[in-house]
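Read off the chains here:
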Amino acid sequence: MSKKQRKASSNQKNNTVDNSTTSLSDLMSDDTLAKLKGMKQEMKVKEEIKLEQEKEKRVQERKEREKNKSFEELLEEYGYDGTKY
(Lines give C-alpha, C1' and ligand atoms only; values in the text may rest on other atoms or scores of the structure.)
Protein backbone atom coordinates (compact mmCIF):
# COMPACT_ATOMS: atom_id res chain seq x y z
CA MET A 1 0.00 0.00 0.00
CA SER A 2 1.39 3.39 -0.90
CA LYS A 3 1.49 6.32 1.49
CA LYS A 4 -1.33 8.10 -0.35
CA GLN A 5 -3.58 5.08 -0.11
CA ARG A 6 -2.82 4.70 3.61
CA LYS A 7 -3.60 8.38 4.20
CA ALA A 8 -6.87 8.07 2.27
CA SER A 9 -7.97 5.02 4.24
CA SER A 10 -6.87 6.70 7.45
CA ASN A 11 -8.91 9.80 6.64
CA GLN A 12 -11.95 7.66 5.85
CA LYS A 13 -11.67 5.98 9.26
CA ASN A 14 -11.43 9.38 10.98
CA ASN A 15 -14.52 10.62 9.15
CA THR A 16 -16.56 7.65 10.26
CA VAL A 17 -15.43 8.16 13.84
CA ASP A 18 -16.45 11.82 13.69
CA ASN A 19 -19.89 10.89 12.44
CA SER A 20 -20.45 8.34 15.18
CA THR A 21 -19.53 10.79 17.96
CA THR A 22 -22.30 13.21 17.04
CA SER A 23 -24.32 13.88 20.16
CA LEU A 24 -28.03 14.29 20.46
CA SER A 25 -27.63 17.97 21.30
CA ASP A 26 -25.88 18.48 17.97
CA LEU A 27 -28.89 17.02 16.17
CA MET A 28 -31.50 19.15 18.00
CA SER A 29 -32.40 22.70 17.21
CA ASP A 30 -31.34 25.42 19.62
CA ASP A 31 -34.95 26.14 20.60
CA THR A 32 -35.62 22.52 21.52
CA LEU A 33 -32.38 22.29 23.44
CA ALA A 34 -33.20 25.49 25.36
CA LYS A 35 -36.67 24.15 26.22
CA LEU A 36 -35.19 20.91 27.52
CA LYS A 37 -32.65 22.75 29.64
CA GLY A 38 -35.43 24.94 31.04
CA MET A 39 -37.52 21.89 31.86
CA LYS A 40 -34.52 20.28 33.54
CA GLN A 41 -34.01 23.35 35.71
CA GLU A 42 -37.72 23.46 36.63
CA MET A 43 -37.68 19.78 37.58
CA LYS A 44 -34.60 20.34 39.72
CA VAL A 45 -36.26 23.22 41.56
CA LYS A 46 -39.45 21.21 42.08
CA GLU A 47 -37.45 18.28 43.45
CA GLU A 48 -35.61 20.56 45.89
CA ILE A 49 -38.91 22.05 47.06
CA LYS A 50 -40.39 18.58 47.48
CA LEU A 51 -37.42 17.41 49.55
CA GLU A 52 -37.61 20.52 51.73
CA GLN A 53 -41.34 19.98 52.30
CA GLU A 54 -40.78 16.33 53.25
CA LYS A 55 -38.06 17.36 55.69
CA GLU A 56 -40.33 19.97 57.26
CA LYS A 57 -43.14 17.42 57.50
CA ARG A 58 -40.87 14.95 59.34
CA VAL A 59 -39.78 17.66 61.78
CA GLN A 60 -43.40 18.64 62.40
CA GLU A 61 -44.44 15.02 62.94
CA ARG A 62 -41.58 14.51 65.41
CA LYS A 63 -42.63 17.61 67.35
CA GLU A 64 -46.23 16.42 67.39
CA ARG A 65 -45.22 12.98 68.71
CA GLU A 66 -43.07 14.59 71.40
CA LYS A 67 -45.95 16.86 72.39
CA ASN A 68 -48.38 13.95 72.72
CA LYS A 69 -46.16 11.67 74.82
CA SER A 70 -47.54 10.46 78.09
CA PHE A 71 -45.80 11.05 81.40
CA GLU A 72 -44.71 7.40 81.46
CA GLU A 73 -43.12 7.64 78.00
CA LEU A 74 -41.26 10.79 79.02
CA LEU A 75 -39.92 9.07 82.15
CA GLU A 76 -38.75 6.08 80.10
CA GLU A 77 -37.06 8.29 77.54
CA TYR A 78 -35.35 10.75 79.85
CA GLY A 79 -35.03 8.58 82.92
CA TYR A 80 -35.87 9.41 86.51
CA ASP A 81 -33.40 9.94 89.27
CA GLY A 82 -35.36 10.50 92.47
CA THR A 83 -32.30 11.63 94.39
CA LYS A 84 -31.95 14.87 92.43
CA TYR A 85 -34.90 16.60 94.08
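Please refer to the structure placed before this passage.
Analysis parameters
- Note that residues are indexed from 1 along each chain, following the sequence as it is written.
- With the structure being a predicted model, the display of local features is reserved for residues of pLDDT at least 70 and the display and counting of side-chain atom pairs for 80 or more, all residues being used for whole-chain, interface and lining totals.
- Derived side-chain values reflect all non-hydrogen atoms in the structure, with water molecules and hydrogen atoms excluded from consideration.
- Strands are runs of DSSP state E lasting at least 2 residues, helices are runs of H or I lasting at least 4, and numbering of each runs from the N terminus.
- Computed by Shrake-Rupley with a 1.4 Å probe, the accessible areas treat only the displayed protein chains as cover when residues are assessed.
- Salt bridge criterion: a side-chain nitrogen from Lys or Arg within 4 Å of a carboxyl oxygen from Asp or Glu.
- Burial classification: accessible surface area is computed with a 1.4 Å probe over protein chains only, and a residue below 20% of its type maximum counts as buried, one above 50% as exposed, and the rest as partly exposed.

## What about the overall build of the protein chain?
And step 1. Summing up its helical and strand segments, the protein chain has four helices and zero strands in all.
And step 2. Start at the N end of the protein chain and walk to the C end: the helices and strands fall as α-α-α-α.
And step 3. Counting every atom, the protein chain has about 8600 Å² of accessible surface; 53% of that belongs to carbon and sulfur.

## Details of the pattern of salt bridges
And step 1. Summed over all chains, the structure comprises two salt bridges.
And step 2. A salt bridge links Glu66 to Lys69, with the shortest nitrogen-to-oxygen separation between them at 3.4 Å.
And step 3. The partner of Glu77 in a salt bridge is Lys69, with the nearest N and O atoms 2.0 Å apart.
And step 4. Judged by its relative accessible area of 41%, Glu77 falls in the partly exposed class.
And step 5. Here the salt bridges share partners, and the residues they tie into one network are Glu66, Lys69 and Glu77.

## Some remarks on helix 4 (residues 71-78)
And step 1. Of all eight residues making up helix 4, only zero are buried, and the element is barely covered by its neighbours.
And step 2. In the segment just after helix 4, Gly79 is the residue with positive phi, at about 80°.

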